[in-house]
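Architecture at a glance
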Amino acid sequence: DLEVWNRAEASLKSALEASGQEYSINEGDGAFYGPKIDFEVLDALGRAFQCATIQLDFQLPIRFDLTYVGADNASHRPVVIHRAILGSFERFIGILIEHYAGKFPVWLAPEQVRILTISEKSEDYASEVEKKLKEAGVQVVWDNSSNKIGYKIREARNARVPYRLVIGAREAEDGTVAVACRDEGDLGVMSVDDFIVKLIPEIASKL
């Protein structure tokens, strides 16, 4: 009834004011069982998406006749708090994709490094590089298909993989990798250990 709704709404206002957070009221935007706090996030284009929500429910405990015994040994009616930190998981992933335009930062990218071999001659060494990266906690994919290197590079670019490692006969012989970064361009040739030293802080920066 209206009295229960007003009490729930007043409780949410009190909590928001105590938190010191700025808020606005959207009249008529509550759930059927009570008012709620919605958190909006802005993407890179300034578009607002409703994400997390906290809903204060005085109604369902009445409908289900929920009670508990308090410290005073008396029976009390609980209040149910519905909490969704990310909202719909699928929608949250969609918001992330929109925000980053598919160019996930290294710490968030499901594929952080792609190894591209020029020919079968360097595959044994590429396997060692892949193993070393995985042991360092890197999300790495090795493209050992029979496609030409130009095609592999284009595919990695289109997939917006943060780092590409090209391995040919010279790199296999020298124990190095030719590094290209999605955001910084060609970084030259370096040892696998030096690449890992560069990469790990980027992976750990937000974790």
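Note: the structure precedes this text.
If you're wondering where the values come from, they're calculated on a predicted model, not measured in any experiment.

**Here we look at the overall build of the protein**
Helix and strand counts for the protein stand at seven helices and ten strands. A compact globule built from 207 residues would reach a C-alpha radius of gyration of about 17 Å, whereas the protein, at 26 Å, exceeds it by more than 25%. Within the protein, contacts between residues separated by at least 24 positions form 53% of all contacts whose residues are at least 6 apart in sequence. Carbon and sulfur atoms provide 51% of the accessible area of the protein, an area that totals close to 13200 Å². Of the side chains in the protein, 24 bear a positive and 33 a negative charge, and the two mean positions are spaced by 5 Å.

**What about the side chain of Arg164?**
With respect to the element layout, Arg164 can be found in strand S8 (residues 163–167). It turns out Arg164 is buried and unbridged, and the closest side chain with the opposite charge, Asp186, is 7.6 Å from it. With sequence-adjacent residues up to four places away left out, Arg164 is seen in contact with Arg114, Leu116, Ile153, Ala156, Arg157, Ala178, Val179 and Ala180.

**Thoughts on the sheet that holds strand S2 (residues 48–57)**
Judged by pairing direction, the sheet is antiparallel, and its three strands sit side by side in the order S1-S2-S5 without closing on themselves. Both edges of this open sheet fall to strand S1 (36–42) and strand S5 (80–84), since each of them pairs with a single strand only. Sheet twist, expressed as the average angle between the axes of neighbouring strands with direction ignored, equals 15 degrees. In this structure, S1 lies alongside S2, joined through six bridges in antiparallel fashion. Its bridge partner being in S2, Lys36 is matched across the sheet by Gln55.

**Digging into unusual backbone geometry**
Positive phi values are uncommon outside glycine, yet Asp65 reaches one of about 50 degrees. Topologically, Asp65 is positioned in the loop between helix H2 (59–63) and strand S3 (68–69).

**Quick look at the sheet that holds strand S7 (residues 140–143)**
In sheet architecture, strand pairing relies on hydrogen bonds along the backbone and comes in two forms, parallel and antiparallel. Reading across the sheet, the five strands line up as S7-S6-S8-S9-S10 and stay open at both edges, with mixed pairing between neighbours. Both edges of this open sheet fall to S7 and strand S10 (185–191), since each of them pairs with a single strand only. Sheet twist, expressed as the mean angle between neighbouring strand axes with direction ignored, is 25 degrees. In the sheet, strand S6 (residues 113–117) pairs with S8 via five bridges, with the strands oriented parallel. Opposite Leu116, over in S8, you have Val166 as the bridge partner.

**Description of helix H1 (residues 2–19)**
Taking 1.5 Å of rise per residue, 18 residues should cover 26 Å, and H1 covers 26 Å from first to last C-alpha, within 8% of that figure. By the burial criterion, the buried members of H1 are Val4, Ala8, Leu12 and Leu16. Summarising the axial view, the buried residues of H1 lie within an arc of 110 degrees, below the 170-degree limit, and thus occupy one face. Facing away from the buried side of H1 by more than 90 degrees, the exposed set consists of Leu2, Glu3, Glu17 and Ala18. Taken together, the buried residues of H1 touch S1 and S2. Taken from the residues just after H1, Gly20 is the one with a positive phi, measuring 80 degrees.

Conventions adopted
- Residues numbered from 1 in each chain as written.
- Predicted model: local features only at pLDDT ≥ 70, side-chain atom pairs only at ≥ 80, totals over all residues.
- Heavy atoms only, no water.
- Helix = DSSP H or I, 4+ residues; strand = E, 2+ residues; numbered from the N terminus.
- Rg over C-alpha atoms; globule rule 2.2 N^0.38 Å.
- Contact = heavy atoms within 4.5 Å.
- Areas by Shrake-Rupley, 256 points an atom, 1.4 Å probe, with all protein chains shown as cover.
- Lys, Arg positive; Asp, Glu negative; His and termini not counted.
- Charge placed at Lys NZ, Arg CZ, Asp CG, Glu CD.
- Buried < 20%, exposed > 50% of the residue type's maximum accessible area, 1.4 Å probe, protein only.
- Salt bridge = Lys/Arg side-chain N within 4 Å of Asp/Glu carboxyl O.
- Pairing = 2+ DSSP bridges.
- Axes fitted to C-alpha atoms, helices over the stretch in contact; angles between N-to-C directions.
- Expected span 1.5 Å × (residues − 1).
- Arc of directions from axis to C-beta.

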